[in-house]
Amino acid sequence: MHGIGNDFVMLDNFTGKHGDVDFQALARATCDRHFGVGADGLIVGEYGDGADFRMRMWNPDGSESEMCGNGIRCFGLMLHDKALFDKRSVTVDTGAGVLTLVSEKPGCYTVSMGSPRWTRAEIGMSGNPKETFINQPLYRTDGPLHGTAVSTGNPHLVIRVEDVQAVELHTLGPLLESDPLFINRTNVHFVQVQNREHVIQRTWERGAGVTLACGTGACAAVAALHRQGFVEPKCSVRLPGGELTIELKDNVLWMTGPATTVFEGVWSD
């Protein structure tokens with residue numbers, strides 16, 4: 001499945017029959033675009049404990065991610081395909097907490113992504129745990145870049161630039177992802193403000209590299225730009241794979257966008 005080009009291998013574990021699988025190794029194998037299926041991550045669906053369902057995600061390098069915005073919409077579509085999404089909204093337990101997934105129609109979902117978190121402790125940054133990192137210089141880059149750090153379930157670094165297409169993403173992405181500021185590495189987003197309701201974004205995802213979209217990153221971008229006064233609380237975010245609508249309402253981020261099934265198959269190792 002994919003959510004505006006952010007693609008995933010989706011594994012049905014609702015019966016619990018895959019409990020003995022090494023998901024780290026499976027993610028590395030299935031996400032490989034030459035010897036596997038090819039994906040930005042492996043997502044495993046289970047029934048929840050204290051929530052309707054549970055979603056876990058592993059990056060292509062085998063590391064487990066706390067959350068994935070495009071992935072949870074694909075998770076909603078998987079529930080629909082398996083006739084498990086039998087009401088308007090369901091709760092999903094993730095590494096970022098229990099989130100609400102609302103079905104606008106099959107293939108289009110709105111997700112409550114929780115509140116943006118700003119302190120270094122909440123993001124997973126070194127330094128004073130009570131401090132924030134808003135529009136701060138990034139000394140490990142060659143140019144005069146400033147970034148804002150925020151957690152939307154996982155860590156993000158948002159950098160406003162005049163032209164996202166001019167950014168050398170393959171060079172700056174891995175450099176900033178592994179900056180010592182971030183204890184568990186970070187996702188990196190370069191954003192261009194077209195106007196107060198439209199943003200263009202390019203992303204380097206932690207553990208995955210360049211991706212066509214990042215849902216939690218789009219939420220982080222709108223939260224960071226709104227906090228600095230550049231955009232309205234509701235924006236469309238255009239990523240290489242398509243557009244998402246992000247709204248910050250009562251300090252809760254809501255993301256709306258599509259999900260698409262590409263094919264189904266059986267993995268043989």
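Quick note: structure is the one above.
Counting restarts for each chain, with residues numbered from 1 along the sequence as it is written. Two thresholds apply to this predicted model, a pLDDT of at least 70 for residue-level local features and 80 or more for giving and counting side-chain atom pairs, whereas whole-chain, interface and lining totals are computed over all residues. The basis for every side-chain value is the complete set of heavy atoms in the structure, and neither hydrogens nor water enter the calculation.

Student: How should I be thinking about a nonpolar patch on the surface in this particular structure?
Tutor: Note that patches include only residues with greater than 30% relative accessible area and no salt bridge, and the join distances are 9 Å for like charges and 5 Å for nonpolar side chains (Val, Leu, Ile, Met, Phe, Trp, Tyr). Note that accessible areas follow from Shrake-Rupley with a 1.4 Å probe, and for residues the cover is restricted to the protein chains shown. Only one rule defines a salt bridge in this text: a Lys or Arg side-chain nitrogen within 4 Å of an Asp or Glu carboxyl oxygen. Taken together, the side chains of Val37, Val262, Phe263 and Trp267 present a nonpolar region at the surface, about 390 Å² in accessible area. Accessibility here uses a 1.4 Å probe with only protein chains present; expressed as a share of the type maximum, an area under 20% marks a residue as buried, one over 50% as exposed, and anything in between as partly exposed. Taking the relative accessible area as the measure of exposure, Val262 reaches 52% and is therefore exposed.

Student: Would you explain helix α2 (residues 69-81) in this entry?
Tutor: Working note: α-helix, 3.6 residues per turn, so residues spaced by three or four point in the same direction. Counting from the N terminus, the helices are the DSSP runs of H or I reaching at least four residues and the strands are the DSSP runs of E reaching at least two. In this analysis, the expected span of each helix is defined as 1.5 Å times one less than the number of residues it contains. Compared with an ideal rise of 1.5 Å per residue, which puts 13 residues at 18 Å, α2 spans 19 Å between its outermost C-alpha atoms and is within 8% of the ideal. With 11 of its 13 residues buried, α2 lies for the most part within the structure. Residues of α2 that are buried include every one of Gly69, Asn70, Gly71, Ile72, Arg73, Cys74, Phe75, Gly76, Leu77, Met78 and Leu79, and no others. Ala83 occupies a position one or two residues after α2 and carries a positive phi of about 60 degrees.

Student: Explanation requested: the pairing of strand β13 (residues 187-195) in the structure shown.
Tutor: Note on strand geometry: in a regular strand, side chains alternate between the two faces of the sheet. Note: strand β12 (residues 155-160) against β13, 5 bridges, orientation parallel. Within β13, the position partnered with Leu157 by the bridge is Val188. If you view a crossover with the strands going away from you and the path from the first strand over the helix to the second runs clockwise, you call it right-handed. This β-α-β element, β12 to helix α4 (residues 169-177) to β13, shows right-handed connectivity. Pairing between β13 and strand β14 (residues 198-205): 7 bridges, direction antiparallel. The residue bridging Gln192 from the neighbouring strand is Ile200, located in β14. Paired strands, as defined in this entry, are two strands with at least two bridges between them according to DSSP. Here β13 folds back onto β14 in antiparallel fashion, the turn holding 2 residues.

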